[in-house]
Amino acid sequence: YLAPEQYAAIRRLCSDRSCPILLDEVFHDYPAHGLRASSSDEASGLTVRLSGLSKVVGAPQLKLGWIRLGGDAAQARAAAARLEFIADAYLSASTPAQLATESLLPARGPIQARILERLEANERAAEQALGSESRARLLPRQGGWYLVLRLPEGEDEEELAHQLLVDDHVVVHPGYFYDFPEGEHLVLSLISPPEGFAEGVSRVARRIGTRASG
């Protein structure tokens, strides 16, 4: 989620260089508690917005994504023609998924509400397990399905992720999967069932404490 001043700076930068703006909006419907996801105004050039059923209706098995073009009308028409050629040249989208979308999108409210409830419950569990006494700290979450844990300086994120998997039976991602510019991190999925997540994040907290004392 971009702050208005961030998006304005991106618009100026892309306008000066005649570059399109690409916005990945698959998590747009899942802002963190207290935040409001708002649609940004279109840029003067080409704006390309990406989304899909996987996150919007919680149905990754349907594998249907879409691209919405906005901004300058002439550039959008030209981009649509090129995208049409690409779509025809490669594997086409699933016909059953396309037909189902007409019914799925209007009915997305209840599943999104359940997902948001789970995300918030799991985030609270993480905050409780990794409180002020923990050597690691949770980074603020603006939206999406993931929680980022900043590890103490000198910690080896890959070694820790491997130990959590082998010894504690907890699956996390080391931060280098996500190209953080600096520091060591773990990335936790918030979409897991709350009971399992609460136990898993407690094991993460204990393991970090054990490695510090060792």
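This one's a predicted model, so the numbers in the text were calculated from it and none came from an experiment.

### Looking at the environment of R17
Looking at where R17 falls in the secondary structure, it is placed in helix α1 (residues 4–17). By relative accessible area, R17 is classed as exposed at 54%. Along the sequence, R17 and E158 sit 141 residues apart, while their C-alpha atoms lie 39 Å from each other.

### Examining unusual backbone geometry
The backbone phi angle of K63 is positive, close to 50 degrees, even though this residue is not glycine. Residue classification places K63 among the exposed residues on the basis of a relative accessible area of 65%.

### Remarks on the pattern of salt bridges
For side chains of opposite charge, pairing can occur when their charged atoms come near one another. Applying the stated rule across the entire model yields 7 salt bridges. Ionic pairing is found between R49 and E25, a salt bridge with its closest N-O pair at 2.3 Å. Note that R49 is positioned in strand β2 (residues 46–52) and E25 in the loop between β1 (21–24) and β2, a separation of 24 residues in sequence. On the accessibility criterion, R49 (3% relative accessible area) is buried. Close ionic contact of E123 with R141 constitutes a salt bridge, the shortest N to O distance being 3.0 Å. With a gap of 18 residues between them, E123 in helix α5 (residues 108–129) and R141 in the loop between β4 (137–138) and β5 (146–150) connect regions that are remote in the sequence.

What counts as what
Residues numbered from 1 in each chain as written. Predicted model: local features only at pLDDT ≥ 70, side-chain atom pairs only at ≥ 80, totals over all residues. Heavy atoms only, no water. Helix = DSSP H or I, 4+ residues; strand = E, 2+ residues; numbered from the N terminus. Buried < 20%, exposed > 50% of the residue type's maximum accessible area, 1.4 Å probe, protein only. Salt bridge = Lys/Arg side-chain N within 4 Å of Asp/Glu carboxyl O.

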